[in-house]
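Each chain, written out:
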Amino acid sequence: LAMAELEFQNGDTEAARADLRLVQAAVPNELNAQILLAKTYLLDKDYTRATMEWDKAKQLAPQAAVIWSAAGFTNVVAKRYPAAESDYRHAVALDADNPEGYRNLANLLQLTGRSAEADSLLRQAITRLPNSLELQLALANLLYREGRAPDLEALFAQLQSRASDFPDLRVQVGDFWLARDQVQRAVAEYERARAQQAGPLIDKKLISAYLTLR
């Protein structure tokens, strides 16, 4: 199994599968081997076979939300969106306190032109997990993509009013703007973060941003 992991990381999926078959011959229901087998087919872009292997993994560990999420991702890249939505919703139901599940489902809803549903989903998730900055930034991304600037500014203002709940809020908001080529806004957030607590990480971010701004 360890050899298969190394071969998979090196992109040698055939060798990985050969070792995984040895594992499964000795321990037929070895879950990690089954998961890695599905990943090898996903890496090879054989989405049909990958889905088959994810289905077997679901049977071995039906309560493992991470498996349903991985199956959902496979269906997304294969453009089988209804199946992906079903997998993602099941993952959320299994692990309702995991922000990633809501974010995956919201991204899929946006991808399929259902931004209003994604907005509602994220707001419900934030109500359940109010201290999840990941969910707050997922909502910010949705608002930015839809051009809802006043709503986005209101969201960030609300987050700043709860800054004590999010220790690295300024840095995360700076990263948000930097990823969208809003370097000046990113610098403003980084400078405020540095004024609160200096450190090498924020210095590196500022140096890079200052160079971009010449």
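This section reports on the structure supplied with the text.

Calculation rules
Residues numbered from 1 in each chain as written. Predicted model: local features only at pLDDT ≥ 70, side-chain atom pairs only at ≥ 80, totals over all residues. Heavy atoms only, no water. Helix = DSSP H or I, 4+ residues; strand = E, 2+ residues; numbered from the N terminus. Expected span 1.5 Å × (residues − 1). Buried < 20%, exposed > 50% of the residue type's maximum accessible area, 1.4 Å probe, protein only. Arc of directions from axis to C-beta. Contact = heavy atoms within 4.5 Å. Phe/Tyr/Trp six-rings, centres within 6.5 Å; stacked < 30°, edge-to-face > 60°. Lys NZ or Arg CZ within 6 Å of the ring centre and 35° of its normal. Salt bridge = Lys/Arg side-chain N within 4 Å of Asp/Glu carboxyl O.

## Here we look at the environment of Asp 46
Then, in step 1: Tracing the chain through its elements places Asp 46 in the loop between α3 (31-43) and α4 (47-60).
Then, in step 2: With 123 residues separating them in the primary sequence, Asp 46 and Leu 169 have C-alpha atoms 40 Å apart.

## Regarding helix α10 (residues 149-161)
For the α-helix, the turn length of 3.6 residues means that residues three or four positions removed from each other point alike.
Then, in step 1: Across its 13 residues, α10 extends 18 Å between first and last C-alpha, which sits within 8% of the 18 Å expected from 1.5 Å per residue.
Then, in step 2: Those residues of α10 that fall on the buried side of the exposure criterion are Leu 152, Leu 155, Phe 156 and Leu 159. Looking down the long axis of α10, one finds its buried residues gathered within 95° of arc, a one-sided arrangement. More than 90 degrees from the buried face of α10, the exposed residues found are Pro 150 and Ser 161.
Then, in step 3: Each element contacted by the buried residues of α10 is listed here: α9 (133-145) and α11 (169-178).

## Concerning the packing of aromatic side chains
Then, in step 1: This structure, assessed with the given rule, holds five aromatic pairs.
Then, in step 2: Relative to Phe 176, the ring of Tyr 144 has its centre 6.2 Å away and its plane inclined at 85°; by these criteria the two rings are edge-to-face. Here Phe 176 lies in helix α11 and Tyr 144 lies in helix α9, a separation of 32 residues in the sequence.
Then, in step 3: The interplanar angle of 80° and the centroid separation of 5.3 Å between the aromatic rings of Phe 156 and Phe 176 together place this pair among those described as edge-to-face. Placement of the pair is Phe 156 in helix α10 and Phe 176 in helix α11, with a sequence separation of 20 residues. Across this residue pair, the class does not change: Phe 156 and Phe 176 are buried.
Then, in step 4: Through pairs of rings, three or more aromatic residues link up here, namely Tyr 144, Phe 156, Phe 176 and Trp 177.
Then, in step 5: Lying over the aromatic face of Tyr 41, Arg 17 brings its terminal NZ or CZ to 4.3 Å of the ring centre.

## Some thoughts on the pattern of salt bridges
Then, in step 1: Overall, the coordinates contain 21 salt bridges when judged by the stated rule.
Then, in step 2: Salt-bridge contacts for Asp 44 lead to Arg 17; the nearest nitrogen and oxygen are separated by 2.8 Å. Here the residue Asp 44 occupies a position in the loop between α3 and α4, and Arg 17 occupies one in helix α2 (residues 13-26), the gap between them amounting to 27 residues.
Then, in step 3: Owing to a relative accessible area of 4%, Arg 17 belongs among the buried residues under this scheme.

## Here we look at the side chain of Gln 136
Then, in step 1: Relative to the helices and strands, Gln 136 is located in helix α9.
Then, in step 2: Residue Gln 136 is classed as buried on the basis of its relative accessible area, which comes to 3%.
Then, in step 3: What Gln 136 contacts, discounting residues up to four positions off in sequence, is Ile 126, Pro 130, Leu 155, Leu 159 and Arg 162.

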